[in-house]
Amino acid sequence: MLGAEKELKETYVKSGQVMLVFNPILDHGDRSVQAHNAAECAADQNRFWPMHDVLFEFESQLYGGDVRAVIKELAQQVDMDHDQFNRCVDAQTYVERVKTQDQRRRALGIRTRPTIDVNGQLFIGPQPFNVLQTAIQPVLE
Amino acid sequence: MKRYSPFLVVLLATAFLMTACGGTVANSVPTVTSLPTDAPAPSPTPIPTVTLPPPTATAPAATVPAAAEPVATEAPTAAPTDTVALPTPTPDWLLVEGRSADGLPTLGNPDAPITVLDYSDFL
C-alpha cells in the first residue's frame with residue numbers, strides 16, 4: 001500500500017479498530033496478474049497478508065525474468081505448504097477472480113494507485129500515516 | 001307401808017322407759033336389709049384401654065444391608081471443560097484473515113468501526 005500500512009496495522013488493526021481490505025489494480029499486465037494470483041493462492045492457506053507484504057517488499061524483483069519463478073522463490077519466505085502454493089500458481093487458479101476485481105475497481109472510477117478509502121473518504125496517491133489518522137480518529141472518538 | 005317386790009319395780013321401770021321412748025327397742029334399731037335403690041351404683045373403676053398401632057403392611061427394613069454393588073475402580077476423569085467459564089482471550093487481529101462481502105481479502109476485526117480499503121498493485 002503505502003508507507004503508512006505498518007503504522008496502521010500496529011495502531012488500529014491490531015486493536016480491532018480498523019479492518020484492512022485489499023482490491024487489486026492490474027496496471028502492469030501479466031506481471032500484475034501473476035502477482036495477485038499468487039497472493040490469492042497464499043490466501044488458500046490463510047497467508048494472503050504475509051504474501052502481500054513480501055510482494056510489496058520485493059516488488060522490484062517482479063519486473064524482470066520469469067515472474068512465476070520469481071514469485072515462487074519469494075514465497076519461500078512465507079510459512080505455508082509451498083507445493084500446494086506452486087500448484088495453485090501454475091494452475092492460474094485465481095486469475096479470473098483478480099481480473100474481475102480489477103474491472104470492478106475501474107467501474108468505480110478508481111484510476112490512481114494507490115487509492116485509499118477510509119469509510120468512504122478517498123485519499124488519492126500515497127499518504128502518510130498522520131493524514132489517514134485524521135479520517136480515522138474522529139470515528140473512534 | 002306396803003312393800004313392792006323388786007321384780008315388779010324393775011318391770012315397771014322398764015315398761016316406763018319403753019313407753020317414754022315411743023317404741024320397742026327392737027324397732028329403734030334400723031335393720032339394713034338392702035342398699036337404697038335410688039343411690040347410684042358405684043361404677044367400677046374403668047380399666048384404661050391401650051390403643052396399639054395397627055400392624056404395618058410393610059415389613060421393617062432389613063437391618064442387614066444388601067450386598068454392595070461393584071464399584072468402578074477407575075480413577076474419576078477430569079471435569080468436563082465446557083462447564084468452566086474461561087475468559088475469552090483477546091484475538092490478535094493481525095492474524096485474522098477473511099473476506100469482505102465483495103470477496104476481497106481482509107485483515108482484522110470484521111466488526112471494526114473503520115474499514116480502510118486499499119486499491120493497489122504489487123508492482
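This text goes with the structure placed above it.
Only a predicted model underlies this, so the values are computations on that prediction, with no experimental measurement involved.

1. A few points about the pairing of strand S2 (residues 105-108) of chain B
In the case of a regular strand, side chains alternate between the two sheet surfaces.
Next up, step 1: In terms of strand pairing, strand S1 (residues 18-24) of chain A meets S2 of chain B through three bridges, oriented antiparallel. By the bridge assignment for S2 of chain B, Leu-20 of chain A is matched with Leu-107 of chain B.
Next up, step 2: Where strand S1 (residues 97-99) of chain B and S2 of chain B come together, three bridges link them in antiparallel fashion. Across the sheet, residue Gly-98 of chain B finds its bridge partner in S2 of chain B, namely Thr-106 of chain B.
Next up, step 3: Where S1 of chain B folds back onto S2 of chain B in an antiparallel hairpin, the turn is made up of five residues, including Gly-103 of chain B, whose phi is positive at roughly 85 degrees.

2. Points about the packing of helix H2 (residues 29-43) of chain A against helix H5 (residues 82-91) of chain A
The description of two helices packed together rests on the angle between their axes and the distance between the axes.
Residues and elements named next belong to chain A.
Next up, step 1: Running from amino to carboxyl end, H2 crosses H5 at an angle of 140 degrees, the nearest separation of the two axes being 9 Å. Between H2 and H5, the crossing angle belongs to the class labelled oblique. The two elements H2 and H5 meet at a crossing, and its hand is right-handed. Residue-level contacts link Asn-37, Ala-38, Cys-41 and Ala-42 of H2 to Phe-85, Cys-88 and Val-89 of H5.
Next up, step 2: Its residues assigned to classes, the contact of H2 with H5 shows six nonpolar, one polar and no charged.

3. Some points on the side chain of Asn-23 of chain A
Next up, step 1: Checked against the element boundaries, Asn-23 of chain A lands in strand S1.
Next up, step 2: Exposure remark for Asn-23 of chain A: the relative accessible area of 3% places this residue in the buried category.
Next up, step 3: Within the local environment of Asn-23 of chain A, its side chain forms a polar contact with the backbone oxygen of Gln-101 of chain A, the two atoms lying 3.2 Å apart.
Next up, step 4: Setting aside its immediate chain neighbours within four residues, Asn-23 of chain A contacts Gln-101 and Arg-105 of chain A together with Leu-104, Leu-117, Asp-118, Tyr-119 and Ser-120 of chain B.

4. Notes on the interface of chain A and chain B
Next up, step 1: With 56 residues of chain A at the contact, the number on the chain B side is 28 residues.
Next up, step 2: In total, about 3,800 Å² of surface goes out of reach between chain A and chain B, with carbon and sulfur atoms giving 60% of it.
Next up, step 3: Counting every contact that joins chain A to chain B gives 26 residue pairs in polar contact (both at pLDDT 80 or more).
Next up, step 4: Elements supplying a minimum of two residues to the side of chain A that touches chain B: helix H1 (5-13), S1, H2, helix H3 (48-57), helix H6 (95-107), strand S2 (115-118) and helix H7 (129-140) of chain A.
Next up, step 5: Looking at the side of chain A that touches chain B residue by residue, the class counts come to 30 nonpolar, twelve polar and 14 charged.
Next up, step 6: When S1 of chain A meets strand S3 (residues 114-120) of chain B, the two strands line up parallel, connected through seven bridges. Looking across to S3 of chain B, one finds that Phe-22 of chain A is bridged to Asp-118 of chain B.

Reading guide: rules and limits
Residues numbered from 1 in each chain as written. Chains lettered and ligands numbered in written order. Predicted model: local features only at pLDDT ≥ 70, side-chain atom pairs only at ≥ 80, totals over all residues. Heavy atoms only, no water. Pairing = 2+ DSSP bridges. Helix = DSSP H or I, 4+ residues; strand = E, 2+ residues; numbered from the N terminus. Axes fitted to C-alpha atoms, helices over the stretch in contact; angles between N-to-C directions. Parallel < 35°, antiparallel > 145°, perpendicular 65-115°, else oblique. Left-handed = near helix turned anticlockwise from the far one by under 90°. Contact = heavy atoms within 4.5 Å. Nonpolar A, V, L, I, M, F, W, Y, C, P; charged D, E, K, R; others polar. Buried < 20%, exposed > 50% of the residue type's maximum accessible area, 1.4 Å probe, protein only. Polar contact = N/O pair within 3.5 Å; in protein donor to acceptor, adjacent residues only side chain to side chain. Buried area = accessible area lost by both parts, 1.4 Å probe.

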